[in-house]
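Close look at the chain arrangement
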Amino acid sequence: MGLLERLRKEWFILGIVLVIAVARLEPAVGVKGGELDPHGASCRIHAVSSADLKDNFKLIISGPLKPEITITYIAVSAIFFNSGLSLKTEELTSALMHVKLHLFVQIFTLVFFPTAIWLFLQLLSITPINEWLLKGLQTVGCMPPPVSSAVILTKAVGGNEAAAIFNSAFGSFLLGSSSSVPFTSIFSQLFMTVVVPLIIGQIVRRYIKDWLERKKPPFGAISSSVLLMIIYTTFCDTFANPNIDLDKFSLIIIVFIIFSVQMSFMFLTFLFSTRNNSSFTPADTVAIIFCSTHKSLTLGIPMLKIVFAGYEHLSLISVPLLIYHPAQILLGSLLVPTIKSWMVSRQKSTPTRGILHSDRIAVQKQLKT
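Just so you know, these numbers come straight off a predicted model, no measurement behind them. (Residues numbered from 1 in each chain as written. Predicted model: local features only at pLDDT ≥ 70, side-chain atom pairs only at ≥ 80, totals over all residues. Heavy atoms only, no water.)

Attention shifts here to the overall build of the protein. Along the protein, the regular secondary structure elements total 16 helices and three strands. The burial tally for the protein puts 51% of its 369 residues in the buried class. Nonlocal contacts in the protein, meaning residues at least 24 apart in sequence, comprise 82% of its contacts between residues at least 6 apart. Here the protein displays about 18,200 Å² of accessible surface, and carbon together with sulfur accounts for 67% of that area. (Helix = DSSP H or I, 4+ residues; strand = E, 2+ residues; numbered from the N terminus. Buried < 20%, exposed > 50% of the residue type's maximum accessible area, 1.4 Å probe, protein only. Contact = heavy atoms within 4.5 Å. Areas by Shrake-Rupley, 256 points an atom, 1.4 Å probe, with all protein chains shown as cover.)

Below is the structure:
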(Lines give C-alpha, C1' and ligand atoms only; values in the text may rest on other atoms or scores of the structure.)
Protein backbone atom coordinates (compact mmCIF):
# COMPACT_ATOMS: atom_id res chain seq x y z
CA MET A 1 0.00 0.00 0.00
CA GLY A 2 1.46 3.35 -1.10
CA LEU A 3 1.90 6.29 1.27
CA LEU A 4 -0.82 8.37 -0.42
CA GLU A 5 -3.29 5.51 -0.30
CA ARG A 6 -2.44 4.87 3.34
CA LEU A 7 -2.97 8.54 4.20
CA ARG A 8 -6.30 8.52 2.36
CA LYS A 9 -7.42 5.44 4.30
CA GLU A 10 -6.37 6.88 7.66
CA TRP A 11 -7.56 10.43 7.01
CA PHE A 12 -9.80 10.47 10.07
CA ILE A 13 -7.03 9.54 12.55
CA LEU A 14 -4.73 12.11 10.93
CA GLY A 15 -7.53 14.65 11.16
CA ILE A 16 -7.85 14.04 14.91
CA VAL A 17 -4.14 14.69 15.43
CA LEU A 18 -4.29 17.81 13.27
CA VAL A 19 -7.33 19.43 14.92
CA ILE A 20 -5.96 18.78 18.43
CA ALA A 21 -2.62 20.33 17.44
CA VAL A 22 -4.34 23.39 15.95
CA ALA A 23 -6.55 23.72 19.04
CA ARG A 24 -3.46 23.62 21.25
CA LEU A 25 -1.71 26.35 19.22
CA GLU A 26 -4.63 28.80 19.26
CA PRO A 27 -7.54 27.66 21.46
CA ALA A 28 -9.19 31.11 21.40
CA VAL A 29 -10.38 30.52 17.81
CA GLY A 30 -12.84 27.77 18.74
CA VAL A 31 -13.61 28.48 22.39
CA LYS A 32 -17.25 28.77 23.47
CA GLY A 33 -18.50 32.05 24.86
CA GLY A 34 -20.11 32.17 28.27
CA GLU A 35 -19.44 32.94 31.86
CA LEU A 36 -17.00 31.72 34.48
CA ASP A 37 -18.16 31.88 38.08
CA PRO A 38 -15.88 32.77 40.98
CA HIS A 39 -15.52 29.09 41.89
CA GLY A 40 -14.30 28.15 38.45
CA ALA A 41 -17.01 26.04 36.78
CA SER A 42 -17.95 27.38 33.39
CA CYS A 43 -21.53 27.70 32.20
CA ARG A 44 -22.33 28.57 28.59
CA ILE A 45 -24.79 31.40 28.17
CA HIS A 46 -26.23 33.60 25.46
CA ALA A 47 -26.65 36.76 27.49
CA VAL A 48 -25.72 38.04 30.89
CA SER A 49 -26.31 41.40 32.54
CA SER A 50 -23.40 43.78 32.96
CA ALA A 51 -24.14 44.03 36.69
CA ASP A 52 -23.87 40.27 37.14
CA LEU A 53 -20.68 40.19 35.14
CA LYS A 54 -19.15 42.94 37.19
CA ASP A 55 -20.11 41.48 40.55
CA ASN A 56 -19.97 37.74 40.09
CA PHE A 57 -18.61 36.56 36.75
CA LYS A 58 -15.80 36.78 34.27
CA LEU A 59 -16.84 36.73 30.64
CA ILE A 60 -15.39 34.16 28.27
CA ILE A 61 -15.30 35.76 24.83
CA SER A 62 -16.50 33.43 22.09
CA GLY A 63 -14.05 32.53 19.33
CA PRO A 64 -14.63 33.44 15.66
CA LEU A 65 -16.24 30.02 15.05
CA LYS A 66 -19.01 30.82 17.58
CA PRO A 67 -19.28 27.14 18.64
CA GLU A 68 -22.12 27.87 21.07
CA ILE A 69 -24.16 28.36 17.88
CA THR A 70 -22.32 26.50 15.11
CA ILE A 71 -21.72 23.35 17.20
CA THR A 72 -24.53 23.32 19.75
CA TYR A 73 -27.25 24.00 17.20
CA ILE A 74 -26.08 23.92 13.57
CA ALA A 75 -23.65 20.97 13.75
CA VAL A 76 -25.91 18.83 15.96
CA SER A 77 -28.91 19.59 13.74
CA ALA A 78 -26.84 18.67 10.67
CA ILE A 79 -25.90 15.35 12.29
CA PHE A 80 -29.52 14.35 12.83
CA PHE A 81 -30.67 15.68 9.45
CA ASN A 82 -27.93 13.52 7.95
CA SER A 83 -29.24 10.57 9.99
CA GLY A 84 -32.83 11.19 8.88
CA LEU A 85 -31.67 11.34 5.28
CA SER A 86 -29.60 8.15 5.42
CA LEU A 87 -31.78 5.91 7.62
CA LYS A 88 -34.67 3.90 6.23
CA THR A 89 -37.97 4.51 8.00
CA GLU A 90 -38.21 0.82 8.89
CA GLU A 91 -34.82 1.06 10.63
CA LEU A 92 -36.09 3.85 12.88
CA THR A 93 -39.28 1.92 13.59
CA SER A 94 -37.27 -1.20 14.37
CA ALA A 95 -35.06 0.77 16.77
CA LEU A 96 -38.11 1.88 18.77
CA MET A 97 -39.20 -1.76 19.10
CA HIS A 98 -35.80 -2.96 20.31
CA VAL A 99 -36.80 -2.80 23.99
CA LYS A 100 -34.04 -5.17 25.19
CA LEU A 101 -31.32 -2.90 23.79
CA HIS A 102 -32.91 0.20 25.32
CA LEU A 103 -33.20 -1.47 28.73
CA PHE A 104 -29.57 -2.58 28.57
CA VAL A 105 -28.28 0.92 27.79
CA GLN A 106 -30.47 2.74 30.31
CA ILE A 107 -29.82 0.28 33.17
CA PHE A 108 -26.07 0.40 32.49
CA THR A 109 -26.12 4.22 32.38
CA LEU A 110 -28.46 4.86 35.32
CA VAL A 111 -27.61 1.97 37.66
CA PHE A 112 -24.43 0.06 36.85
CA PHE A 113 -22.19 3.00 35.90
CA PRO A 114 -22.75 5.16 39.03
CA THR A 115 -22.72 2.10 41.34
CA ALA A 116 -19.45 0.78 39.90
CA ILE A 117 -17.85 4.23 40.17
CA TRP A 118 -18.98 4.53 43.81
CA LEU A 119 -17.43 1.16 44.68
CA PHE A 120 -14.23 2.07 42.84
CA LEU A 121 -14.00 5.36 44.75
CA GLN A 122 -14.16 3.51 48.06
CA LEU A 123 -10.78 2.05 47.13
CA LEU A 124 -9.41 5.37 45.87
CA SER A 125 -10.49 7.16 49.06
CA ILE A 126 -7.51 5.63 50.92
CA THR A 127 -5.09 7.14 48.40
CA PRO A 128 -3.69 10.71 48.58
CA ILE A 129 -5.82 11.83 45.60
CA ASN A 130 -7.73 15.04 46.33
CA GLU A 131 -11.16 14.17 47.81
CA TRP A 132 -12.92 16.83 45.71
CA LEU A 133 -11.55 15.33 42.51
CA LEU A 134 -12.95 11.98 43.67
CA LYS A 135 -16.34 13.62 44.29
CA GLY A 136 -16.09 14.95 40.75
CA LEU A 137 -15.53 11.41 39.46
CA GLN A 138 -18.66 10.29 41.30
CA THR A 139 -20.72 13.04 39.66
CA VAL A 140 -19.42 11.96 36.24
CA GLY A 141 -20.98 8.54 36.85
CA CYS A 142 -24.36 10.17 37.46
CA MET A 143 -24.35 12.34 34.33
CA PRO A 144 -26.73 11.75 31.39
CA PRO A 145 -25.39 10.67 27.98
CA PRO A 146 -24.63 13.30 25.31
CA VAL A 147 -26.93 13.70 22.33
CA SER A 148 -24.42 13.86 19.49
CA SER A 149 -21.06 12.11 20.07
CA ALA A 150 -22.40 8.57 20.59
CA VAL A 151 -24.55 8.89 17.45
CA ILE A 152 -21.67 10.18 15.30
CA LEU A 153 -19.28 7.44 16.45
CA THR A 154 -21.92 4.74 15.96
CA LYS A 155 -22.54 6.02 12.45
CA ALA A 156 -18.80 6.24 11.71
CA VAL A 157 -18.45 2.56 12.58
CA GLY A 158 -21.64 1.58 10.74
CA GLY A 159 -23.51 0.41 13.83
CA ASN A 160 -27.18 0.65 14.79
CA GLU A 161 -27.49 4.40 14.35
CA ALA A 162 -31.25 4.48 14.92
CA ALA A 163 -30.86 2.82 18.33
CA ALA A 164 -28.05 5.24 19.21
CA ILE A 165 -30.29 8.21 18.37
CA PHE A 166 -33.12 6.94 20.55
CA ASN A 167 -30.98 6.07 23.58
CA SER A 168 -28.87 9.24 23.48
CA ALA A 169 -31.90 11.52 23.25
CA PHE A 170 -33.97 9.51 25.73
CA GLY A 171 -31.14 9.33 28.29
CA SER A 172 -30.46 13.08 28.07
CA PHE A 173 -34.15 13.85 28.40
CA LEU A 174 -34.73 11.40 31.27
CA LEU A 175 -31.80 12.38 33.48
CA GLY A 176 -31.86 16.04 32.49
CA SER A 177 -35.57 16.48 33.23
CA SER A 178 -35.25 14.68 36.58
CA SER A 179 -32.58 17.15 37.72
CA SER A 180 -32.88 20.83 38.60
CA VAL A 181 -31.97 21.88 35.07
CA PRO A 182 -35.02 23.65 33.54
CA PHE A 183 -37.29 21.10 31.85
CA THR A 184 -38.44 23.46 29.09
CA SER A 185 -34.84 24.28 28.15
CA ILE A 186 -33.91 20.60 27.79
CA PHE A 187 -37.06 19.68 25.91
CA SER A 188 -36.91 22.59 23.47
CA GLN A 189 -33.21 22.06 22.67
CA LEU A 190 -33.62 18.30 22.15
CA PHE A 191 -36.73 18.85 20.06
CA MET A 192 -35.19 21.52 17.80
CA THR A 193 -31.77 19.90 17.35
CA VAL A 194 -32.74 16.19 17.28
CA VAL A 195 -36.40 15.54 16.50
CA VAL A 196 -37.08 18.29 13.94
CA PRO A 197 -33.92 17.69 11.79
CA LEU A 198 -34.55 13.92 11.92
CA ILE A 199 -38.14 14.32 10.70
CA ILE A 200 -37.10 16.78 7.98
CA GLY A 201 -34.41 14.34 6.85
CA GLN A 202 -36.98 11.54 6.63
CA ILE A 203 -39.36 13.73 4.62
CA VAL A 204 -36.63 14.79 2.18
CA ARG A 205 -35.56 11.13 1.86
CA ARG A 206 -39.02 10.18 0.58
CA TYR A 207 -38.60 12.50 -2.41
CA ILE A 208 -34.99 11.66 -3.29
CA LYS A 209 -34.91 8.01 -2.21
CA ASP A 210 -34.02 6.68 -5.67
CA TRP A 211 -31.22 9.22 -6.09
CA LEU A 212 -29.80 8.36 -2.67
CA GLU A 213 -29.76 4.64 -3.45
CA ARG A 214 -28.19 5.27 -6.85
CA LYS A 215 -25.52 7.79 -5.84
CA LYS A 216 -24.90 6.54 -2.27
CA PRO A 217 -23.64 9.84 -0.76
CA PRO A 218 -20.80 9.50 1.81
CA PHE A 219 -22.96 9.97 4.91
CA GLY A 220 -20.31 8.39 7.13
CA ALA A 221 -17.59 10.75 5.90
CA ILE A 222 -19.89 13.74 6.45
CA SER A 223 -20.56 12.70 10.06
CA SER A 224 -16.85 12.07 10.63
CA SER A 225 -16.06 15.57 9.35
CA VAL A 226 -18.59 17.08 11.76
CA LEU A 227 -17.02 15.01 14.54
CA LEU A 228 -13.60 16.50 13.74
CA MET A 229 -15.10 19.96 14.15
CA ILE A 230 -16.60 18.94 17.50
CA ILE A 231 -13.23 17.49 18.61
CA TYR A 232 -11.52 20.74 17.61
CA THR A 233 -13.88 23.01 19.58
CA THR A 234 -13.91 20.61 22.53
CA PHE A 235 -10.13 20.75 22.83
CA CYS A 236 -10.16 24.52 22.32
CA ASP A 237 -12.37 24.67 25.43
CA THR A 238 -10.08 22.25 27.27
CA PHE A 239 -6.85 24.13 26.49
CA ALA A 240 -8.43 27.52 27.21
CA ASN A 241 -10.05 26.46 30.47
CA PRO A 242 -8.26 27.87 33.56
CA ASN A 243 -10.04 25.35 35.82
CA ILE A 244 -7.75 22.50 34.75
CA ASP A 245 -4.88 23.96 36.70
CA LEU A 246 -3.77 21.10 38.96
CA ASP A 247 -0.35 19.94 39.92
CA LYS A 248 1.02 17.59 37.28
CA PHE A 249 0.79 14.50 39.47
CA SER A 250 -2.94 14.95 40.23
CA LEU A 251 -3.70 15.80 36.60
CA ILE A 252 -1.88 12.72 35.27
CA ILE A 253 -3.58 10.46 37.83
CA ILE A 254 -7.06 11.77 37.00
CA VAL A 255 -6.49 11.46 33.24
CA PHE A 256 -5.22 7.89 33.73
CA ILE A 257 -8.23 6.97 35.89
CA ILE A 258 -10.70 8.45 33.41
CA PHE A 259 -9.20 6.65 30.42
CA SER A 260 -9.05 3.42 32.44
CA VAL A 261 -12.72 3.77 33.45
CA GLN A 262 -13.77 4.42 29.86
CA MET A 263 -11.79 1.49 28.46
CA SER A 264 -13.04 -0.84 31.21
CA PHE A 265 -16.69 0.08 30.71
CA MET A 266 -16.44 -0.14 26.93
CA PHE A 267 -14.92 -3.60 27.32
CA LEU A 268 -17.65 -4.64 29.78
CA THR A 269 -20.46 -3.51 27.48
CA PHE A 270 -18.74 -5.37 24.64
CA LEU A 271 -18.57 -8.58 26.70
CA PHE A 272 -22.17 -8.33 27.96
CA SER A 273 -23.63 -7.59 24.53
CA THR A 274 -21.69 -10.29 22.62
CA ARG A 275 -22.62 -13.25 24.81
CA ASN A 276 -24.16 -16.16 22.92
CA ASN A 277 -27.59 -15.64 24.50
CA SER A 278 -27.63 -11.84 24.20
CA SER A 279 -29.42 -11.78 20.79
CA PHE A 280 -27.72 -8.45 19.95
CA THR A 281 -26.32 -7.96 16.45
CA PRO A 282 -22.78 -6.60 15.93
CA ALA A 283 -24.39 -3.29 14.91
CA ASP A 284 -26.36 -3.28 18.18
CA THR A 285 -23.16 -3.86 20.14
CA VAL A 286 -21.55 -0.79 18.57
CA ALA A 287 -24.47 1.43 19.66
CA ILE A 288 -24.41 -0.11 23.14
CA ILE A 289 -20.67 0.52 23.59
CA PHE A 290 -20.90 4.24 22.82
CA CYS A 291 -24.33 5.06 24.30
CA SER A 292 -23.65 3.31 27.62
CA THR A 293 -20.28 4.94 28.35
CA HIS A 294 -20.53 8.54 27.12
CA LYS A 295 -21.42 11.45 29.43
CA SER A 296 -22.81 14.90 28.62
CA LEU A 297 -20.83 18.08 29.34
CA THR A 298 -23.64 20.32 28.06
CA LEU A 299 -26.10 19.08 30.69
CA GLY A 300 -23.42 18.12 33.22
CA ILE A 301 -21.94 21.54 33.97
CA PRO A 302 -25.31 23.26 34.68
CA MET A 303 -26.25 20.31 36.93
CA LEU A 304 -22.96 20.67 38.88
CA LYS A 305 -23.51 24.41 39.30
CA ILE A 306 -26.95 23.75 40.80
CA VAL A 307 -26.10 20.75 42.99
CA PHE A 308 -22.84 22.25 44.32
CA ALA A 309 -23.87 25.91 44.35
CA GLY A 310 -21.73 27.86 46.81
CA TYR A 311 -19.05 25.19 47.16
CA GLU A 312 -15.59 26.73 47.11
CA HIS A 313 -14.25 23.50 45.57
CA LEU A 314 -16.66 23.53 42.62
CA SER A 315 -13.79 24.01 40.17
CA LEU A 316 -12.09 20.81 41.41
CA ILE A 317 -15.38 18.89 41.30
CA SER A 318 -15.89 19.93 37.67
CA VAL A 319 -12.40 18.89 36.51
CA PRO A 320 -13.16 15.14 35.99
CA LEU A 321 -16.16 15.97 33.77
CA LEU A 322 -14.14 18.58 31.85
CA ILE A 323 -11.53 15.87 31.17
CA TYR A 324 -14.00 13.02 30.59
CA HIS A 325 -15.78 14.83 27.77
CA PRO A 326 -12.83 15.29 25.35
CA ALA A 327 -11.39 11.93 26.46
CA GLN A 328 -14.51 10.01 25.42
CA ILE A 329 -14.55 11.66 21.99
CA LEU A 330 -10.83 11.12 21.45
CA LEU A 331 -10.83 7.50 22.63
CA GLY A 332 -13.99 6.64 20.69
CA SER A 333 -12.60 8.22 17.52
CA LEU A 334 -9.33 6.33 17.80
CA LEU A 335 -11.21 3.05 18.27
CA VAL A 336 -13.51 3.56 15.26
CA PRO A 337 -11.28 1.61 12.78
CA THR A 338 -10.78 -1.28 15.23
CA ILE A 339 -14.46 -1.60 16.14
CA LYS A 340 -15.49 -1.26 12.49
CA SER A 341 -13.09 -4.03 11.48
CA TRP A 342 -14.52 -6.30 14.20
CA MET A 343 -18.12 -5.54 13.23
CA VAL A 344 -17.55 -6.20 9.52
CA SER A 345 -15.74 -9.48 10.15
CA ARG A 346 -18.42 -10.58 12.63
CA GLN A 347 -21.21 -9.76 10.17
CA LYS A 348 -19.45 -11.74 7.45
CA SER A 349 -19.02 -14.78 9.68
CA THR A 350 -22.63 -14.60 10.94
CA PRO A 351 -24.60 -12.80 8.19
CA THR A 352 -28.00 -13.56 9.71
CA ARG A 353 -27.12 -11.37 12.69
CA GLY A 354 -27.11 -8.26 10.53
CA ILE A 355 -30.86 -8.27 9.82
CA LEU A 356 -33.26 -5.84 11.43
CA HIS A 357 -34.56 -6.56 14.92
CA SER A 358 -38.18 -6.57 13.68
CA ASP A 359 -37.29 -9.04 10.95
CA ARG A 360 -35.65 -11.38 13.49
CA ILE A 361 -38.80 -11.36 15.61
CA ALA A 362 -40.92 -12.16 12.56
CA VAL A 363 -38.66 -15.07 11.62
CA GLN A 364 -38.75 -16.41 15.20
CA LYS A 365 -42.56 -16.29 15.23
CA GLN A 366 -42.73 -18.15 11.95
CA LEU A 367 -40.40 -20.86 13.26
CA LYS A 368 -42.57 -21.32 16.37
CA THR A 369 -45.69 -21.75 14.27
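Our focus in this paragraph is unusual backbone geometry. The phi dihedral of Lys66 is positive, around 50°, even though this residue is not glycine. Here Lys66 is to be found in the loop between strand 3 (58–60) and helix 4 (67–86). In this model, Ser279 sits at a positive phi of 70°, which is unusual for a non-glycine residue. When its relative accessible area of 39% is taken as the criterion, Ser279 is described as partly exposed.

Residue placement: Val105 occurs in helix 6 (residues 99–124). Considered as a pair, Val105 and Ala164 are 59 residues apart in the sequence and their alpha carbons are 9.6 Å apart. For Val105, the contacting residues outside a window of four places in its chain are Asn167, Ile288, Cys291 and Ser292.

Tracing the chain through its elements places Ser83 in helix 4. Excluding residues that lie within four positions of it along the chain, Ser83 makes contacts with Val151, Glu161, Ile165 and Leu198.

Let us look at the packing of helix 6 against helix 12 (residues 248–273). Between helix 6 and helix 12, whose axes approach to 12 Å, the crossing angle comes to 135°. If you check the angle between helix 6 and helix 12, you find them oblique. Handedness of the helix 6/helix 12 crossing: right-handed. The segment helix 6 lies against helix 12, with Phe104, Phe108, Phe112, Phe113, Ala116, Ile117, Phe120 and Leu124 engaging Ile257, Val261, Phe265, Leu268, Thr269 and Phe272. Considering only residue class, the contact of helix 6 with helix 12 consists of 13 nonpolar, one polar and no charged. (Axes fitted to C-alpha atoms, helices over the stretch in contact; angles between N-to-C directions. Parallel < 35°, antiparallel > 145°, perpendicular 65-115°, else oblique. Left-handed = near helix turned anticlockwise from the far one by under 90°. Nonpolar A, V, L, I, M, F, W, Y, C, P; charged D, E, K, R; others polar.)

Counting 54 residues, the largest nonpolar core has Phe80, Ile231 and Phe290 as its most contacted members. Broken down by element, this core gets its largest block of residues, eight residues, from helix 11 (residues 219–240). Sequence-distant contacts of Ile231, that is, excluding residues within four places in its chain, are made with Ile16, Val19, Ile20, Ile329 and Ser333. Listed in part, the 32 residues of the second largest apolar core include Phe113, Val261, Phe265 and Ile323. (Core = buried A, V, L, I, M, F, W, Y, C linked by side-chain atoms within 4.5 Å.)

Moving on to helix 6. In this model, helix 6 (26 residues) spans 36 Å end to end at C-alpha, consistent with the 38 Å of a helix rising 1.5 Å per residue. At Phe108, helix 6 shows its largest bend, some 40°. The complete set of buried residues in helix 6 reads Leu101, His102, Phe104, Val105, Gln106, Phe108, Thr109, Phe113, Pro114, Ile117, Leu121 and Leu124. (Expected span 1.5 Å × (residues − 1). Bend = angle between axes of the 7 residues up to and from the residue.)

If you check helix 2 (residues 11–25), its first and last C-alpha atoms are 21 Å apart, about what 15 residues at 1.5 Å a residue would give, namely 21 Å. All of the buried residues in helix 2 are Phe12, Gly15, Ile16, Val19, Ile20 and Ala23. Along the long axis of helix 2, the arc covered by the buried residues comes to 125°, so they all point the same way. In this structure, helix 2 carries Val17, Leu18, Arg24 and Leu25 as exposed residues pointing more than 90 degrees from its buried face. The inward-facing, buried residues of helix 2 contact helix 11 and helix 15 (314–349). (Arc of directions from axis to C-beta.)

Once that is clear, we can look at the pattern of salt bridges. In total, this model carries one salt bridge according to the counting rule given. Here Lys155 and Glu161 are joined by a salt bridge, their closest N and O atoms 3.0 Å apart. Summarising the burial analysis for this pair, Lys155 and Glu161 share the class buried. (Salt bridge = Lys/Arg side-chain N within 4 Å of Asp/Glu carboxyl O.)

This next bit is on the packing of aromatic side chains. According to the stated counting rule, one finds ten aromatic pairs in the structure shown. With a centroid separation of 6.4 Å and 90° between ring planes, the pair formed by Phe112 and Phe272 is classed as edge-to-face. With Phe112 in helix 6 and Phe272 in helix 12, this residue pair connects regions lying 160 residues apart in the sequence. Take Phe112: its relative accessible area is 32%, and that puts it in the partly exposed class. One aromatic cluster in this structure is built from Phe104, Phe108, Phe112, Phe113, Phe265, Phe272 and Phe280. Directly above the aromatic system of Phe239 lies the positively charged group of Arg24, at a separation of 5.3 Å from the ring centroid. Here the guanidinium or amino end of Lys295 rests over the ring plane of Phe113, the centre of that ring lying 4.2 Å away. (Phe/Tyr/Trp six-rings, centres within 6.5 Å; stacked < 30°, edge-to-face > 60°. Lys NZ or Arg CZ within 6 Å of the ring centre and 35° of its normal.)

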